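# Working through the structure, step by step
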Amino acid sequence: MKTLKNKWNQIKNMATSALMVSALVFGITAAPANAAAKIKEAEYEGKGKVEIDFFSKVEYKNLKVTAKDQSGKNVKVKIEDADDDDLTFKLKSFKSGSTYTYKISGIRKKGESKYGTIKGSIKIPKSGGSVPVEKVEYDAKDREVSFEFETKIEYKNLKVTISDGKKNYVTSIDDDDDEDFLKDEVEVKVKKLKKGVMYHYTISGIKKAGDKKFTSISGNFQI
């Protein structure tokens, strides 16, 4: 009798252990996925245009984008393009050097059941001087910063600095386009820049195409 009872207890213990393992595995596989769409990068394209890249494919329903300035005042927005991996909208009015918050509603991660809302912010680069900067872009892979201008430019003895207030991050200036003297951008190689840090730049030896005097311009940007 004791032998039969011991065997029965062993069988029950084995069955209980199997059920616990099954429950654990089921719990892991049944855990709900993160349904929210997430912003990978927000990039200012110039002239009020903002491009949003997402980490995954997305879907829309009754898509709407709203924006506010730093004082909380609503800014009119026009949606220019909405693909399954990015979204482009344009601020109808904006000021350089200002930060705008935006809200995208009617969006979901592809395959999920519910549409929701995601939020973000974008900083419009600020520049001072006679040559207007349209866009500042950082390529993290190539460690390169490009300054795009609203007009054709000329330069002589060009010098560029990018600083966080402690050191200059510029390592070299891309100046291999001697034949095409008129350009609309300046590219520089830099040390690694950090996300969320405000950088101050100065570009000297530059002027609008056709102007007589070379000058200096400066401003701020954040990646």
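Report follows, based on the coordinates. Everything quoted here is computed from the prediction, not taken from an experiment.

### Digging into the pattern of salt bridges
Tallied over the full model, the rule gives eight salt bridges. For Arg108, the salt bridge is made with Glu59, and the minimal N-O distance between the two is 2.9 Å. Linking Arg108 in strand β7 (residues 99-109) with Glu59 in strand β3 (residues 58-68), this pair joins segments that are 49 residues apart in sequence. Judged by its relative accessible area of 16%, Arg108 falls in the buried class. Glu144 is paired through a salt bridge with Lys189; the nearest N and O atoms lie 3.5 Å apart. Here Lys189 lies in strand β13 (residues 183-190) and Glu144 lies in strand β11 (residues 144-163), a separation of 45 residues in the sequence. On the accessibility criterion, Lys189 (33% relative accessible area) is partly exposed. Here the salt bridges do not stand alone but share partners, grouping Glu43, Glu45, Lys135 and Glu137 into one network.

### Quick word on the sheet that holds strand β5 (residues 77-82)
Reading across the sheet, the four strands line up as β1-β2-β6-β5 and stay open at both edges, with antiparallel pairing between neighbours. On the outer flanks of this sheet lie β1 (39-46) and β5, each paired with one strand and no other. On average, each strand axis in the sheet is tilted by 20 degrees relative to the strand beside it, whichever way the strands run. The pairing of β5 with strand β6 (residues 86-91) spans five bridges and is classified as antiparallel. Pairing of Lys78 across the sheet is with Lys90, part of β6.

### Description of the sheet that holds strand β4 (residues 74-75)
With antiparallel pairing, four strands are arranged side by side in an open sheet as β4-β3-β7-β8. Edge strands, defined here as strands with exactly one partner in the open sheet, are β4 and β8 (116-123). Here β3 pairs with β7 via eight bridges, running antiparallel. By the bridge assignment, Ala67 is partnered in β7 with Tyr102.

### Comments concerning the side chain of Asp86
Of note, Asp86 is situated in strand β6. Lys57 provides the closest opposite charge to the buried, unpaired Asp86, separated from it by 8.6 Å. Beyond its immediate chain neighbours, meaning those up to four positions away, Asp86 contacts Glu51, Ile52, Asp53, Phe54 and Tyr60.

### Observations concerning unusual backbone geometry
The phi dihedral of Asn62 falls on the positive side, at around 55 degrees, and the residue is not glycine. Among the structural elements, Asn62 can be located in strand β3. A relative accessible area of 69% means that Asn62 is categorised as exposed. The backbone of Asn157 shows a phi angle near 50 degrees, a positive value even though the residue is not glycine. The topology assignment puts Asn157 in strand β11.

### A word on the environment of Tyr100
Checked against the element boundaries, Tyr100 lands in strand β7. The spacing of Tyr100 and Gly120 is 20 residues in sequence and 8.6 Å in space, taken between C-alpha atoms. Not counting residues within four places of it along the chain, the set of residues in contact with Tyr100 comprises Lys68, Asp69, Val75, Leu91, Ser93, Phe94, Lys95, Gly120, Ser121, Ile122 and Ile124. Among the polar contacts listed, one links the side chain of Tyr100 to the backbone nitrogen of Lys95, at a separation of 2.8 Å.

### What about the nonpolar core?
Among soluble globular proteins, nonpolar side chains are generally buried collectively. In this structure, Val145, Phe147, Phe149, Ile162, Val188, Val190 and Ile203 are the most contacted members of the largest nonpolar core, which totals 24 residues. Among the elements of the structure, β10 (133-139), β11, β13, β14 (198-208) and β15 (215-222) are those that each provide at least two residues to this core. In this view, Phe149 contacts Val131, Pro132, Val133, Glu134, Asp184, Glu185, Val186, Ile203, Ile206 and Ile217; residues no more than four positions away in its chain are not counted.

### Focus on the packing of aromatic side chains
Throughout the structure, instances matching the rule amount to seven aromatic pairs. One aromatic cluster is present, built from ring pairs that chain together Phe147, Tyr169, Tyr199, Tyr201 and Phe221.

### Some points on the environment of Gly129
Here Gly129 lies in the loop between β9 (126-128) and β10. A sequence separation of 89 residues divides Gly129 from Ser218, and the C-alpha atoms of the two residues are 6.8 Å apart. Apart from residues lying up to four places away in sequence, Gly129 is in contact with Ser216 and Ile217.

Definitions and limits used
- Residues numbered from 1 in each chain as written.
- Predicted model: local features only at pLDDT ≥ 70, side-chain atom pairs only at ≥ 80, totals over all residues.
- Heavy atoms only, no water.
- Salt bridge = Lys/Arg side-chain N within 4 Å of Asp/Glu carboxyl O.
- Helix = DSSP H or I, 4+ residues; strand = E, 2+ residues; numbered from the N terminus.
- Buried < 20%, exposed > 50% of the residue type's maximum accessible area, 1.4 Å probe, protein only.
- Pairing = 2+ DSSP bridges.
- Axes fitted to C-alpha atoms, helices over the stretch in contact; angles between N-to-C directions.
- Lys, Arg positive; Asp, Glu negative; His and termini not counted.
- Contact = heavy atoms within 4.5 Å.
- Polar contact = N/O pair within 3.5 Å; in protein donor to acceptor, adjacent residues only side chain to side chain.
- Core = buried A, V, L, I, M, F, W, Y, C linked by side-chain atoms within 4.5 Å.
- Phe/Tyr/Trp six-rings, centres within 6.5 Å; stacked < 30°, edge-to-face > 60°.

The values reported here are purely geometric and, on their own, carry no functional implication.
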